[in-house]
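Chain and residue survey
What follows is the residue order along each chain.
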Amino acid sequence: MEQNLNLYHIFVTVARCKNISGAARALYISQPAISKAISRLEQSLNTTLFLRSSRGVKLTEAGEILYRQVENAFLAINQGEQQLKKMQELGMGRLSIGVSSTLCKYVLIPYLRTFARENPHIQISISCQSTYQTVQEMENGTVDIGLIGENDRMDKLAFYPVQEIEDIFVCTGSYLENLKERSGLSAAPNAREIIGASTMMLLDKGNITRQYIDKYLALEGITAAQTLEITSMDLLIEFARIGLGIACVIRSFVQDELEAGKLICLPLPASIPTRRIGFAVPKNAPFSPALRKFTDSVLASV
């Protein structure tokens, strides 16, 4: 095919120049080499492509048909080369990221803000879903990279931790006072007694954070009077703010509320062990230029 491509290149040049000598000058090769190449192409196609005369050459009907198709092919190749050149010059590319809605809002956006400013020509698509769905899509090649919590399905992934997070239980001061009043708790109840009489608000059971918290609660023997399952961390925080119950949230996500006294953190019998979140990519997967730029940007800021 490589040899035929060279013959077609000579054929198109001769057709454009309408003579052998002009094609020879354009291609910087001898006229006999041009004639020989055309003859070889005609033999391979078993047809005559040019009518020769003292004034030059003219395409036959078969030559006209072939020329239109081959010219379009070379134009397409040229356009492809120009697009690649433009892509390289502008740093163009595509990047797909899988992330939960919570981590997208509180963790990913700052990284994206910097990356988008530095790489304005890279198109970014984001799939908001659970950590397990993100892991599955990375394994299937649907997304390039995921922002996930460290979990038990990491064996096929390379993990780049970016921060540690701490899970805590929070509520409003008024909720706690009202709970004491209606439940007959002592003036200074411990966290186990408070949660045992409360409405405990947790993420739904399919969430990796919920599974992590369930293990902690089981280990500490902590149960609540009522459990309310919520689909997102944002709603957990909002429901805690309005006094619907005690919510398990990530400390850094409610730091402002804690400092302002809008929420209070319950002292637990034992602190919930911190866990890591980070970016993950399939092991041994090829890195596109866009993905390489993103991981370099992330690691530079850690």
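- For the chain, the name recorded in an unreviewed UniProt entry is LysR family transcriptional regulator, with Candidatus Eisenbergiella merdavium as its organism.
- For the chain, the Sequence similarities (unreviewed entry) comment in UniProt is given as "Belongs to the LysR transcriptional regulatory family."

1. Structural notes on the environment of Gly93
- In this fold, Gly93 is placed in strand 3 (residues 93–99).
- Looking at Gly93, the relative accessible area reads 14%, which means it is buried.
- Remark: the alpha-carbon pair of Gly93 and Ile124, spanning 31 residues in sequence, is separated by 8.6 Å.

2. Comments concerning helix 12 (residues 289–301)
- The end-to-end C-alpha separation of helix 12 is 19 Å, in line with the 18 Å expected for 13 residues at 1.5 Å each.
- Of all the positions in helix 12, only Ala290, Leu291, Phe294, Thr295, Ser297 and Val298 are classed as buried. In an axial view of helix 12, the angular spread of the buried residues amounts to 160°, which keeps them on one side of the axis. Counted as exposed and oriented over 90 degrees from the buried face of helix 12: Pro289 and Ala300.
- Elements in contact with the buried residues of helix 12: strand 3, helix 5 (101–118), strand 4 (122–128), strand 5 (145–149), strand 6 (157–165) and strand 12 (275–282).

3. A closer look at helix 3 (residues 31–45)
- Compared with the 21 Å implied by 1.5 Å per residue over 15 residues, the 21 Å span of helix 3 between its first and last C-alpha is a close match.
- Listed as buried for helix 3 are Ile34, Ala37, Ile38, Leu41 and Glu42. When helix 3 is viewed along its axis, its buried side chains cluster within an angular range of 135° and face the same direction. Structural note: helix 3 exposes Pro32, Lys36, Gln43 and Ser44 on the side pointing more than 90 degrees away from its buried face.
- Where helix 3 terminates, the next one or two residues include Asn46, which has phi positive at roughly 55°.

4. Overview of the side chain of Gln129
- Tracing the backbone shows Gln129 in the loop between strand 4 and helix 6 (131–140).
- A distance of 3.2 Å separates a polar atom in the side chain of Gln129 from a polar atom in the side chain of Thr134.
- Filtering out sequence-adjacent residues up to four positions away, Gln129 remains in contact with Gly98, Val99, Ser100, Thr134 and Glu137.

5. What about the packing of helix 2 (residues 20–27) against helix 3?
- Across the interface, helix 2 lies against helix 3 with an axial gap of 9 Å and an inter-helix angle of 105°. The orientation of helix 2 with respect to helix 3, classified from their angle, is roughly perpendicular. Contact residues: helix 2 offers Ile20, Ser21, Ala23, Ala24 and Leu27, while helix 3 offers Gln31, Ile34 and Ser35.
- Of the residues that constitute the contact of helix 2 with helix 3, the class distribution is five nonpolar, three polar and no charged.

6. Examining the packing of aromatic side chains
- Tallied over the entire structure, the rule returns six aromatic pairs.
- Each ring, one from Phe11 and one from Phe50, has its centre 5.5 Å from the other, and the planes form 55°; the classification is tilted. Of this pair, Phe11 sits in helix 1 (residues 2–17) while Phe50 sits in strand 1 (residues 50–53), and the two are 39 residues apart along the sequence.
- Relative accessible area serves as the criterion here: at 2%, Phe50 is assigned to the buried category.
- Consider the rings of Phe11 and Tyr67, whose centres lie 6.5 Å apart with planes at 70°: the pair is edge-to-face. Separated by 56 residues along the polypeptide, Phe11 in helix 1 and Tyr67 in helix 4 (residues 61–90) bring together distant segments of the chain. Each member of the pair, Phe11 together with Tyr67, is buried.
- Through pairs of rings, three or more aromatic residues link up here, namely Tyr111, Phe115, Phe279 and Phe294.
- The positively charged end of Arg275 is found above the aromatic ring belonging to Tyr212, 5.1 Å away from the centroid.

7. Re the side chain of Ser232
- Mapped onto the elements, Ser232 comes out in the loop between strand 9 (226–230) and helix 10 (233–241).
- Within polar-contact distance, the side chain of Ser232 engages the backbone nitrogen of Leu235 at 3.2 Å.

8. Details of the pairing of strand 3
- Where burial is concerned, most of strand 3 is hidden: six out of the seven residues are buried.
- As a crossover connection, the stretch from strand 3 through helix 5 into strand 4 is right-handed.
- Sheet topology note: the strand 3/strand 5 ladder contains three bridges and is parallel. Residue pairing in the sheet places Gly98 in a bridge with Gly146 of strand 5.

9. Digging into the pattern of salt bridges
- Counted under the stated rule, the structure contains eleven salt bridges.
- For the salt bridge of Glu42 with Arg52, the shortest nitrogen-to-oxygen distance reads 3.5 Å. With a gap of ten residues between them, Glu42 in helix 3 and Arg52 in strand 1 connect regions that are remote in the sequence.
- With relative accessibility at 12%, the residue Glu42 sits in the buried group.
- Linking Arg241 and Glu257 is a salt bridge whose minimum nitrogen-to-oxygen distance equals 2.3 Å. With Arg241 in helix 10 and Glu257 in helix 11 (residues 255–260), this residue pair connects regions lying 16 residues apart in the sequence.
- Shared partners join several salt bridges into a network, and the residues in it are Arg210, Asp214 and Glu229.

Definitions and cut-offs
Residues numbered from 1 in each chain as written. Predicted model: local features only at pLDDT ≥ 70, side-chain atom pairs only at ≥ 80, totals over all residues. Heavy atoms only, no water. UniProt positions renumbered as here; feature names shortened; annotations may be inferred. Helix = DSSP H or I, 4+ residues; strand = E, 2+ residues; numbered from the N terminus. Buried < 20%, exposed > 50% of the residue type's maximum accessible area, 1.4 Å probe, protein only. Expected span 1.5 Å × (residues − 1). Arc of directions from axis to C-beta. Contact = heavy atoms within 4.5 Å. Polar contact = N/O pair within 3.5 Å; in protein donor to acceptor, adjacent residues only side chain to side chain. Axes fitted to C-alpha atoms, helices over the stretch in contact; angles between N-to-C directions. Parallel < 35°, antiparallel > 145°, perpendicular 65-115°, else oblique. Nonpolar A, V, L, I, M, F, W, Y, C, P; charged D, E, K, R; others polar. Phe/Tyr/Trp six-rings, centres within 6.5 Å; stacked < 30°, edge-to-face > 60°. Lys NZ or Arg CZ within 6 Å of the ring centre and 35° of its normal. Right-handed = clockwise from strand over helix to strand, strands pointing away. Pairing = 2+ DSSP bridges. Salt bridge = Lys/Arg side-chain N within 4 Å of Asp/Glu carboxyl O.

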